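The lines below spell out each chain.
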Amino acid sequence: MTPNVIEGGAPTRGRASLTSFLKNVAPALPLLAIIGFFFLFPISRLIYVSFMSNENTFTLDNFRTTMQEPYRSGFINSIKIGVLSAAIAALPGAVAAYFIETRGPVKLRRTISVMSGVLANTGGVPLAFMFYAALGIQGQLTKVLKFFGWDIYAGQFSLGTFLGLLIVYLYFQLPLMVIVFSPAIIALRREWSEAARNLGATQLNYWIKIGIPLLFPSFIASFLLLFASGFSAYATANALTVGNIALTPMQIGALLDGNVSAAQLNLGKALGVVMIVISAFAVIPYLAIQRRSARWQKR
Amino acid sequence: MKRKLDLPLTITLSVLALFVFIPLLSAFEFSIRTPIKGGYGWDHYLWAIREDEFFYYIIRSIWLAAITVLITLIVLVPTMTWLQLSKSTIRPFIDGLSLLPLVIPVVAFAVGAQISFPEFVKDTVLELPFLYFVLALPYAYRTLDIGLNSIPLKTLTEAARSAGANWWRTIITVIIPVIKTAVVGTVAITFALSIGEYTLTVLLHWDTFPTWITFVADESILGAVALSMMSLVIPFLVLTVLTLVAPERSTQGRK
């Protein structure tokens, strides 16, 4: 299930001559070298080391520990925040992408795509500040809501809780949805809705029979990517929580920095590998659906 | 130009604007407060800019992002253009490989990077642009791929060749000008990701502008809020300029 399974090289039918190798592969070598050294190598090493005990012998103990507390709740919380933040952001993001792409003028679409790009990359301390300023105890929105009789701090709420974190995550999840879902909307051809109307379909008919079935796979794919993004977010959780919620990325960070010591030196690596596996369950279907829909999206 | 107000679009944009701007403007209001004097002012921005490290880190972040962009331009763009033109059998392999970083959570990647590289790589901050390049690769690759697909690269090349241009002339006078639009989008994405990258940078114990903001927060919260505002506005401006400057190709797609 490790994602870096490499389909063994180019086909070696006969002894391919050197020149044909040069023509076929050589121009790609610099790119392959960078990917190999800066990506495949560290990931392979991570996977290898995650099976090592403190004495450098093979062991599964690291993985056994990842399934015990507090790491177990770390995974449960991380998966929960990934699923919930993706589920809440997906539909509004898709609808927004639809109206912007189908009705917006070019300049607007460009501005929104730049803004989404920047906002989907916000995180960490800047994002935390924005939400403290809006929804913190002294926040502007908090005051407005209080004025209207809703004191959000009457109960247990704070930005450092699970619910608080979830709200903050939406701030980068929604723009991400707009970014990943827009290509599917752009690929919807006006001819299709016109053809449907000419054949007597109502707007509703068109959506039920054509629009939604066409967009649904991309919608699910986008949801999966959002899940992966929420599941593995580190910077924002790091800025907002103080260890009160167990989240796997934070636990890995703490182990890596030596803030927390574990009896097993390579526990952090095993947690990383489990994260990769969980993320692969979402991202690989995402890539597969993307590839499939790319076929009809081509023109 | 439509005269009629487009109701669904207006509602969508208003809701999005509230969602985006309430936190943003709240933080901005915070950043221009001057609690001692009362009222508002640019004090925290000036304080932040006067810090010795300010220009050091902002320049460092910009040149690291610039090197990442340079790697993209020197390595990724030519390779992908070549893949598009040649019928190389390794194309599906490179396709898959380029999307793979999407599968790996950045935290896990950081752990792998920390335990793998030899000292001479770990000791130089130049490892960061290469790692940023990997993080941006799936996005850069896809943007470039869509861009290159929308251009009749093959036809143009054949036309230039049959008109008597040699390879170099074809590349310089035909291919490069045509792929410019596709390249601009790729550069924008790579730049945005590199300049804001936090997780990998901090876990590998490097300091850049985003990690410096976290550090400043211990000293002056309002100063850090001011810096946060700048960290959002600067990439936005750079990217807007970059995408608006890029010429819109009249032959491209719908509209």
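Everything numeric here is computed off the predicted structure, so don't read it as measured data.

Student: Describe the overall build of chain A, and please don't skip the residues or the numbers.
Tutor: Looking only at helices and strands, chain A has 13 helices and 0 strands in total. Walking chain A from its N terminus toward its C terminus, one meets helices and strands in the order α-α-α-α-α-α-α-α-α-α-α-α-α. Dimensions of chain A along its principal axes, counting C-alpha atoms only, are 70 × 65 × 30 Å. Counting all 299 residues of chain A, 41% fall into the buried class. Pairs at least 24 residues apart make up 78% of the contacts formed inside chain A by residues separated by at least 6 positions.

Student: If you had to explain the overall build of chain B to someone new, which residues and values would you point to?
Tutor: Along chain B, the regular secondary structure elements total 12 helices and 0 strands. The secondary structure elements of chain B, listed N-terminal to C-terminal, are α-α-α-α-α-α-α-α-α-α-α-α. In terms of principal-axis extent, the alpha carbons of chain B reach across some 75 × 65 × 30 Å. Across the 255 residues of chain B, 40% fall into the buried class. Across chain B, the fraction of contacts at a sequence separation of at least 24, relative to all contacts at a separation of at least 6, is 77%.

Student: Report on the nonpolar core, specifying residues and quantitative values.
Tutor: In globular proteins that are soluble, nonpolar side chains generally tend to be buried together. M177(A) and V283(A) are the most contacted members of the largest nonpolar core, which has 148 residues in total. The residues contacting V283(A), other than those within four sequence positions of it, are L224(A), L225(A), A228(A), L102(B) and V103(B).

Student: Can you lay out the packing of helix α4 (residues 71–103) of chain A against helix α1 (residues 7–31) of chain B for me, pointing to particular residues and giving the numbers?
Tutor: Viewed as axis vectors pointing N to C, α4(A) and α1(B) meet at an angle of 130 degrees, and their least axial separation amounts to 9 Å. For the element pair α4(A) / α1(B), the angle class is oblique. When the axes of α4(A) and α1(B) are compared, the crossing they make is left-handed. Contacts between α4(A) and α1(B) involve A96(A), F99(A), I100(A) and R103(A) on the former and, on the latter, P8(B), L9(B), T12(B) and L16(B).

Student: Now, about the domain arrangement of chain A: what can you tell me, with residues and values included?
Tutor: Residue and element names in this part refer to chain A. Each assigned domain of chain A is listed with its residue range as follows: domain 1 (19–50) and domain 2 (70–297). Each of domain 1 and domain 2 has a C-alpha centre, and these two points are 31 Å apart. Counting from both sides, the interface comprises 4 residues of domain 1 and, opposite them, 5 residues of domain 2.

Student: With reference to specific residues and values, describe the interface of chain B and chain A.
Tutor: Interfaces are frequently sized by the accessible area removed from exposure as the parts join. Taken together, the contact pairs 66 residues of chain B with 65 residues of chain A. Here the element with the most residues in the side of chain B that touches chain A is α1(B); it accounts for 13 residues. Residue composition of the side of chain B that touches chain A, by class: 49 nonpolar, 15 polar and 2 charged.

Student: Summarise the confidence of the model for chain B; cite the residues concerned and give the values.
Tutor: In this model, chain B carries an average pLDDT of 85, and 95% of its residues clear a pLDDT of 70 or more. In the model output, the complex is listed with pTM 0.87 alongside ipTM 0.85.

Student: So what's going on with the environment of S85(A)? Residues and values would help.
Tutor: Following the sequence through the fold, S85(A) ends up in helix α4. Setting aside its immediate chain neighbours within four residues, S85(A) contacts L166(A), Y169(A), L170(A), Q173(A) and G230(A).

Student: I'd like to hear about the environment of F75(A), residue by residue, with values.
Tutor: Residues and elements named next belong to chain A. Assignment of secondary structure puts F75 in helix α4. Given 20 C-beta atoms within a 10 Å radius, F75 is considered buried. Through-space distance from the C-alpha of F75 to that of L247 is 6.5 Å; in sequence the pair is 172 residues apart.

Student: So what's going on with the packing of helix α9 (residues 190–198) of chain A against helix α10 (residues 203–232) of chain A? Which residues, and what values?
Tutor: Residues and elements named next belong to chain A. Running from amino to carboxyl end, α9 crosses α10 at an angle of 125 degrees, the nearest separation of the two axes being 10 Å. As judged from the angle between their axes, α9 and α10 are oblique. Seen from above, α9 lies across α10 with right-handed handedness. Contacts between α9 and α10 involve W192, S193 and A196 from the first element and N205, Y206 and I210 from the second. Of the residues belonging to the contact of α9 with α10, the class tally is 4 nonpolar, 2 polar and no charged.

Student: Residues and numbers for helix α12 (residues 221–245) of chain B, please.
Tutor: Given a rise of 1.5 Å per residue, 25 residues ought to cover 36 Å, and the 36 Å separating the end C-alpha atoms of α12(B) matches this to within 8%. Of the positions making up α12(B), those classed as buried are L222(B), G223(B), A224(B), V225(B), A226(B), L227(B), S228(B), M229(B), S231(B), L232(B), P235(B) and L239(B). Buried residues in α12(B) make contact with α5 (106–120) and α6 (124–135) of chain A together with α1, α2 (43–50), α9 (167–196) and α11 (209–217) of chain B.

Student: Account for unusual backbone geometry, naming residues and giving values.
Tutor: Residues and elements named next belong to chain A. Going from E69 to P70, the amide bond is cis rather than trans, its omega being 0 degrees. One can find P70 in the loop between α3 (61–66) and α4. The phi dihedral of N56 falls on the positive side, at around 65 degrees, and the residue is not glycine. Looking at where N56 falls in the secondary structure, it is placed in the loop between α2 (29–50) and α3. A residue is classified by how many C-beta atoms lie within 10 Å of it, and N56, with 10 of them, is exposed.

Parameters at a glance
Residues numbered from 1 in each chain as written. Chains lettered and ligands numbered in written order. Predicted model: local features only at pLDDT ≥ 70, side-chain atom pairs only at ≥ 80, totals over all residues. Helix = DSSP H or I, 4+ residues; strand = E, 2+ residues; numbered from the N terminus. Buried ≥ 20, exposed ≤ 12 C-beta atoms within 10 Å, placed from the backbone. Contact = placed C-beta atoms within 7 Å. Core = buried A, V, L, I, M, F, W, Y, C linked by C-beta atoms within 7 Å. Axes fitted to C-alpha atoms, helices over the stretch in contact; angles between N-to-C directions. Parallel < 35°, antiparallel > 145°, perpendicular 65-115°, else oblique. Left-handed = near helix turned anticlockwise from the far one by under 90°. Domains from an automatic or database assignment. Nonpolar A, V, L, I, M, F, W, Y, C, P; charged D, E, K, R; others polar. pLDDT = per-residue confidence, 0-100. Expected span 1.5 Å × (residues − 1).

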